[in-house]
Amino acid sequence: MALRTILSYPDPRLHTVARPVAAVDERVRTLVADMIETMYHANGIGLAATQVDVHERVVVIDVSEERNEPLVLINAEITWASDETVVNEEGCLSVPGIYDGVERATAVRVRALDEHGAEREIEAEGLLAVCIQHELDHLRGKVFVEYLSPLKRNRIKTKLLKQQREDQRAEPGERRRA
């Protein structure tokens, strides 16, 4: 397992649409293990392969209290979403330090493959449903800030670009961890 670098908004690679995984093989299982390690290291609850510059339909999620129940979704598709929606405060490992309200379905049903290539169907509600929708957006090249007003989005972009420039000027040992 290895830590992967998480792309930061507004990196244009975050807008790449992910392609389906052709075969769940050892390469994909290594990617999954690396993504889980990276997600835990960054204190996240979800990570899409797009965020680590791999443009395949792979997502890892863990919303458990103990942080020991990783969920792997490969080639995931939402097959049903509730009509009922809720606005939740969302954040993103690719948009560090930024949180804002996003409206999402309160429940979803998802069909996907696991890390062994077995098909599974999951019904999710609450935080897990929100997280699934957020991560699958990444695979479509969409970052949560795109749900916000253009004014808010531009302010976030300006703030993060300034922070990235400051980090690049800092001594290597002084860089902030996103």
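Quick note: structure is the one above.
Just so you know, these numbers come straight off a predicted model, no measurement behind them.

### Observations regarding the side chain of N75
Next, step 1: Assignment of secondary structure puts N75 in strand β3 (residues 71–81).
Next, step 2: Within the structure, the side chain of N75 is placed 2.7 Å from the backbone nitrogen of V21, a separation counted as a polar contact.

### Description of the sheet that holds strand β2 (residues 58–61)
Next, step 1: A sheet is described by the order of its strands in space; here five strands give the open sequence β1-β2-β3-β6-β7, paired in antiparallel fashion. Looking along the sheet, the strands with just one partner apiece sit at the ends: β1 (46–48) and β7 (119–125). Direction aside, neighbouring strands of the sheet carry axes that sit 40 degrees apart on average.
Next, step 2: Taken together, the three bridges between β1 and β2 define a ladder with antiparallel strand orientation. Bridged to L47 within β2 is V60.
Next, step 3: Packed onto the sheet, helix α1 (residues 26–41) meets β1, β2 and β3 and runs at close to 40 degrees relative to β2.
Next, step 4: Running over the sheet, helix α2 (residues 126–139) touches β1, β2, β3, β6 (107–113) and β7 and is turned about 150 degrees from β2.

### What about the pairing of β7?
Next, step 1: Pairing between β6 and β7: seven bridges, direction antiparallel. Bridging from a neighbouring strand, A112 pairs with R120 of β7.
Next, step 2: Here β6 folds back onto β7 in antiparallel fashion, the turn holding five residues, of which G117 has a positive phi close to 90 degrees.

### A short note on the packing of aromatic side chains
Next, step 1: Applying the stated criterion across every chain, the model contains zero aromatic pairs.
Next, step 2: We note K142 situated over the ring of Y147; from NZ or CZ to the ring centre the distance is 4.0 Å.

### A short note on the pairing of strand β4 (residues 85–92)
Next, step 1: As paired strands, β4 and strand β5 (residues 95–105) are joined by seven bridges and run antiparallel to one another. The residue of β5 that forms the bridge with V87 is E103.
Next, step 2: Following β4, the chain reverses through two residues before pairing antiparallel with β5.

### Description of the nonpolar core
Next, step 1: Of all hydrophobic cores here, the largest spans 19 residues; its most connected members are V32, M35, L47, V58, V60 and I74.
Next, step 2: Counting only elements with at least two residues in this core, the list comes to α1, β2 and β3.
Next, step 3: Ranked by residue count, the leading element in this core is α1, at six residues.
Next, step 4: Among residues more than four places away in sequence, those in contact with V60 are V32, M35, I36, M39, I45, G46, L47, L71 and V72.

### Structural notes on α1
Residues separated by three or four positions in an α-helix point in the same direction, a consequence of the helix having 3.6 residues per turn.
Next, step 1: In this model α1 runs 22 Å from its N-terminal to its C-terminal C-alpha over 16 residues, within 8% of the 22 Å that 1.5 Å per residue would give.
Next, step 2: The N-cap of α1, judged by a side-chain oxygen 3.2 Å from the amide nitrogen of R27 a few residues on, is D25.
Next, step 3: Where α1 terminates, the next one or two residues include N43, which has phi positive at roughly 60 degrees.

### Concerning the environment of T38
Next, step 1: Tracing the backbone shows T38 in helix α1.
Next, step 2: The spatial distance from the C-alpha of T38 to the C-alpha of L3 is 4.9 Å, given a sequence separation of 35 residues.
Next, step 3: When near neighbours in sequence (up to four residues on either side) are disregarded, T38 contacts A2, L3, R4, I6 and L47.

### Some words on helix α3 (residues 150–169)
Next, step 1: Across its 20 residues, α3 extends 29 Å between first and last C-alpha, which sits within 8% of the 28 Å expected from 1.5 Å per residue.
Next, step 2: Listed as buried for α3 are I156, L160, Q163 and D167. Seen from one end, α3 has its buried residues packed into an arc of 60 degrees, which puts them on one side. Set apart from the buried face of α3 by more than 90 degrees, the exposed residues are P150, L151, R155, T158, Q168 and R169.
Next, step 3: The secondary structure elements touched by the buried residues of α3 are β5.

Reading the values: rules and limits
- Residues numbered from 1 in each chain as written.
- Predicted model: local features only at pLDDT ≥ 70, side-chain atom pairs only at ≥ 80, totals over all residues.
- Heavy atoms only, no water.
- Helix = DSSP H or I, 4+ residues; strand = E, 2+ residues; numbered from the N terminus.
- Polar contact = N/O pair within 3.5 Å; in protein donor to acceptor, adjacent residues only side chain to side chain.
- Pairing = 2+ DSSP bridges.
- Axes fitted to C-alpha atoms, helices over the stretch in contact; angles between N-to-C directions.
- Contact = heavy atoms within 4.5 Å.
- Phe/Tyr/Trp six-rings, centres within 6.5 Å; stacked < 30°, edge-to-face > 60°.
- Lys NZ or Arg CZ within 6 Å of the ring centre and 35° of its normal.
- Core = buried A, V, L, I, M, F, W, Y, C linked by side-chain atoms within 4.5 Å.
- Buried < 20%, exposed > 50% of the residue type's maximum accessible area, 1.4 Å probe, protein only.
- Expected span 1.5 Å × (residues − 1).
- Arc of directions from axis to C-beta.

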